[in-house]
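One-letter residues, chain by chain:
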Number of protein chains: 2
Amino acid sequence: MTDDKLMNRLSLNQITTEQWNLQEAVEGCVRHDISWISVWRHKIEEIGLKQSKRLIQDAGLQVSSVCRGGMFPAATAKERAEKIDDNKRAIEEAAELGTDTLVLVCGPSADKDIDTARAQVAEGIDKLVPYAKDHGVKLAIEPLHPMFAADRSVINTLNQATTIAEKYSANEVGVIVDVYHVWWDPNLYHEIERAKGKILGFHVSDWKVPMADMFKGRAMMGEGVIEINRMRKAVEDTGYYGPIEVEIINQSLWDRNGDDVLKQVKQSFANHV
Amino acid sequence: MTDDKLMNRLSLNQITTEQWNLQEAVEGCVRHDISWISVWRHKIEEIGLKQSKRLIQDAGLQVSSVCRGGMFPAATAKERAEKIDDNKRAIEEAAELGTDTLVLVCGPSADKDIDTARAQVAEGIDKLVPYAKDHGVKLAIEPLHPMFAADRSVINTLNQATTIAEKYSANEVGVIVDVYHVWWDPNLYHEIERAKGKILGFHVSDWKVPMADMFKGRAMMGEGVIEINRMRKAVEDTGYYGPIEVEIINQSLWDRNGDDVLKQVKQSFANHV
């Protein structure tokens, strides 16, 4: 793949520039010649879906995904039903913004019973599939690092995500490979191969020690220990050549000038992805 | 199992009372009627092996394990050989203190190449086995949580640990099940069953969110989300009825009076293990 082609796949996951609202992020992408963006729902909410769509369309950007649906487990059937409703709104937003990919962060357990929570995730996805399909949106299960098993997602390995996705067609449910969440997995390359045809997104950042914060401690590509380039090639070997989202959740980036962040993102992407 | 029998299995892993030297920890165990202790090497070093042995023997304590050997990967063959030598000292210390269990924290990679680091761990263990066997000491591989893959151990699942242990007899190499490190694993109960006959220790603490510190953030049993009791029973189903180490690495415990900590440890153990 030529350098140009690779750079054309760079997508700004909006959380990387959390200091910017959607308009600022869209304008930033245009200034820095980034043609993809992944949009977060709390940013859509600030200005409304209609205005969000107009901004993105007018700028000629493509939306790689909407972040995020999921959060399925809950203590009561009523709460779980409310979560399904909220996911339906997320599907509508994805469709309206012209992306076929809704990223699912599947949610923590409501109590100590992690097995039941995992079953509730599978159930939640099953309930959503027809609605998503009707809207031309695929559900992209993102396994989260096991250190988030208690507070963000009980889906913690690519194996789990692919096992759920396998129950559906590739048009309905797939997986996201985020290097930060899966790099440690002893079966990683086997699992990437197994996910062939079901990979709906590839996210990059890095893992640097010591980590200042478990949630907001992700590093710029190249600053940590992850074999990002090896993983990118393994994902390409399965046939995925779609957008590559730069998703760096890091307070120190949010405290900086967004343009400086984007410059560094592009440089790190070119050198280390 | 009667309550009494369970309480008799409680072992104080010395890191739980890091504020105490070995003499204080031994005296604390006696005062609180705890008959097992797991000894850390930096505490042995403070007073020497001979004095450590005398203290423990005079108090009538049993040593459940020595913490820790391991740390196998390194950039050069020379450094790896030095690490093997250090592990031999650890084996001698375990034997001298009358325990047959040396806990291995296997170490991080020297660079980005995690596959090679994992191979170096297997190699290191292979080199140590004869020496350990000669000393009547078993090598107990403790898989560490994947969040420690970059800085403490590239062995991150019970599956990995058991796969290495399977190459040896149960007298030579086994595994440690520490609830904090493995609770999130979707294959946990299958892997515990698979480790039957090879489990050399069971460690307890808890996972509470938010976690103040990735390393020093473990919680008292019952304060977090881990199904400790379920896991204890699964480990017993494999035939392990040995000591259960309370290993809580937490700065706030270290800042407290050690006797208060031991009181709480016993109470939490009785209620939640």
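Residues numbered from 1 in each chain as written. Chains lettered and ligands numbered in written order. Predicted model: local features only at pLDDT ≥ 70, side-chain atom pairs only at ≥ 80, totals over all residues. Heavy atoms only, no water.

Per an unreviewed UniProt entry, the recorded name for chain A is Sugar phosphate isomerase/epimerase, and the organism is Gracilibacillus kekensis.

Draft legend 1. Inspection of the overall build of chain A at higher detail. When its secondary structure is counted, chain A shows twelve helices and eight strands. Relative to its length of 273 residues, chain A is compact, with a C-alpha radius of gyration of 17 Å against a globular reference of 19 Å. Expressed along its principal axes, the backbone C-alpha trace of chain A runs to roughly 45 × 45 × 35 Å. The contacts in chain A between residues at least 6 apart in sequence include a share of 79% that link residues at least 24 apart. (Helix = DSSP H or I, 4+ residues; strand = E, 2+ residues; numbered from the N terminus. Rg over C-alpha atoms; globule rule 2.2 N^0.38 Å. Contact = heavy atoms within 4.5 Å.)

Draft legend 2. Structural view of the relation of the copies chain A and chain B. The two copies are related by a screw motion: chain A maps onto chain B through a turn of 180° and a shift of 0.0 Å along the axis, at an RMSD of 0.0 Å. One copy is carried onto the other by what is essentially a two-fold rotation axis. A share of 100% of interface residues in chain A that are also interface residues in chain B marks the association as one of identical surfaces. (Least-squares fit on C-alpha atoms with pLDDT ≥ 70 in both.)

Draft legend 3. Representation of helix α4 (residues 49-59) of chain A. Residue and element names in this part refer to chain A. Listed in full, the buried residues belonging to α4 are Ser52, Leu55 and Ile56. Looking straight down α4, one finds that the buried residues subtend no more than 90° of arc, so they occupy a single side. The outward face of α4, more than 90 degrees from its buried face, is lined by the exposed residues Lys50, Gln57 and Asp58. Phi turns positive, to about 75°, at Gly60, one or two residues after α4. (Buried < 20%, exposed > 50% of the residue type's maximum accessible area, 1.4 Å probe, protein only. Arc of directions from axis to C-beta.)

Draft legend 4. Seen up close, the environment of Met220 of chain A. Locating Met220 of chain A in the fold gives a position in the loop between β7 (199-204) and α10 (228-237). Not counting the four nearest positions on each side in its chain, Met220 of chain A is found in contact with Asp206, Ile248, Leu253, Val261, Gln264, Val265 and Ser268 of chain A.

Draft legend 5. Region of the structure containing helix α2 (residues 22-31) of chain A. Residue and element names in this part refer to chain A. Among the residues of α2, those classed as buried are Leu22, Ala25, Val26, Gly28 and Cys29. Axial view of α2: buried residues confined to an arc of 160°, hence all on one face. Lining the buried residues of α2 we find β1 (10-13), β2 (36-40), α3 (41-47), α4 and α12 (258-272). Sitting at the amino-terminal end of α2 is Asn21, which places a side-chain oxygen 3.1 Å from the backbone nitrogen of Gln23. Phi for Asp33, located one or two positions after α2, is positive at around 60°. (Polar contact = N/O pair within 3.5 Å; in protein donor to acceptor, adjacent residues only side chain to side chain.)

Draft legend 6. Quick look at the nonpolar core. Judged by nonpolar contacts, the single largest core of 183 residues is most densely connected at Ile125 of chain A together with Ile125 of chain B. The residues contacting Ile125 of chain B, other than those within four sequence positions of it, are Phe72, Leu104, Leu139, Ile141, Ile164, Tyr168 and Val173 of chain B. (Core = buried A, V, L, I, M, F, W, Y, C linked by side-chain atoms within 4.5 Å.)

Draft legend 7. Inspection of the sheet that holds strand β6 (residues 173-178) of chain B at higher detail. Residue and element names in this part refer to chain B. Strand order in the closed barrel made by the eight strands is β1-β2-β3-β4-β5-β6-β7-β8, with parallel pairing throughout. Mean inter-strand twist for the sheet, computed between neighbouring axes without regard to direction, equals 30°. Bridging between strand β3 (residues 62-70) and strand β4 (residues 101-105) involves four bridges; their strand directions are parallel. Counterpart to Val66 in the pairing with β4 is Leu102. On the sheet, helix α6 (residues 114-134) packs against β4, β5 (138-141) and β6 and is oriented at approximately 145° with respect to β5. Its contacts with the sheet place helix α12 (residues 258-272) against β1 (10-13), β7 (199-204) and β8 (244-246), and it is angled at close to 140° to β1. (Pairing = 2+ DSSP bridges. Axes fitted to C-alpha atoms, helices over the stretch in contact; angles between N-to-C directions.)

Draft legend 8. Representation of the pattern of salt bridges in the model. Considering all chains together, one arrives at 36 salt bridges over all chains under this definition. One salt bridge in this structure joins Glu92 of chain A and Arg89 of chain A, with 2.9 Å as the shortest N-O distance. Note that Glu92 of chain A and Arg89 of chain A are positioned in helix α5 (residues 77-96) at a spacing of three residues, about one turn of the helix. What makes Arg89 of chain A partly exposed here is its relative accessible area of 36%. Linking Arg9 of chain B and Glu236 of chain B is a salt bridge whose minimum nitrogen-to-oxygen distance equals 2.7 Å. Pair noted here: Arg9 of chain B is in the loop between α1 (3-7) and β1 and Glu236 of chain B is in helix α10 (residues 228-237), with a separation of 227 residues, a long-range link. Side by side, Arg9 of chain B and Glu236 of chain B carry an identical accessibility label, which is buried. Here the residues in one salt-bridge network are Arg9, Arg232 and Glu236 of chain A, joined through shared partners. (Salt bridge = Lys/Arg side-chain N within 4 Å of Asp/Glu carboxyl O.)

Draft legend 9. Spatial organisation of the packing of α5 of chain A against helix α6 (residues 114-134) of chain A. All names here are of chain A. Where α5 meets α6, the closest approach of the two axes is 10 Å, and the angle between their N-to-C directions is 40°. Between α5 and α6, the angle is such that the two are oblique. Along this stretch, α5 crosses α6, giving a crossing that reads as right-handed. Note on element contacts: α6 touches α5 through Gln120, Gly124, Lys127, Leu128, Tyr131 and Ala132, opposite Arg80, Ile84, Asn87, Lys88, Arg89, Ile91 and Glu92. Its residues assigned to classes, the contact of α5 with α6 comprises five nonpolar, three polar and five charged. (Parallel < 35°, antiparallel > 145°, perpendicular 65-115°, else oblique. Left-handed = near helix turned anticlockwise from the far one by under 90°. Nonpolar A, V, L, I, M, F, W, Y, C, P; charged D, E, K, R; others polar.)

Draft legend 10. Structural detail: the interface of chain A and chain B. The partner chain B presents 29 residues to the 29 residues of chain A that form the contact. Buried surface at the junction of chain A and chain B, both sides included, amounts to about 2300 Å², of which 65% is carbon and sulfur. Seen at the junction of chain A and chain B, the total is two salt bridges. With a shortest N-O distance of 2.8 Å, Arg230 of chain A and Asp115 of chain B are connected by a salt bridge. Scanning the region where chain A abuts chain B turns up four residue pairs in polar contact (both at pLDDT 80 or more). Top element by residues in the side of chain A that touches chain B is α6 of chain A. It accounts for three residues. (Buried area = accessible area lost by both parts, 1.4 Å probe.)

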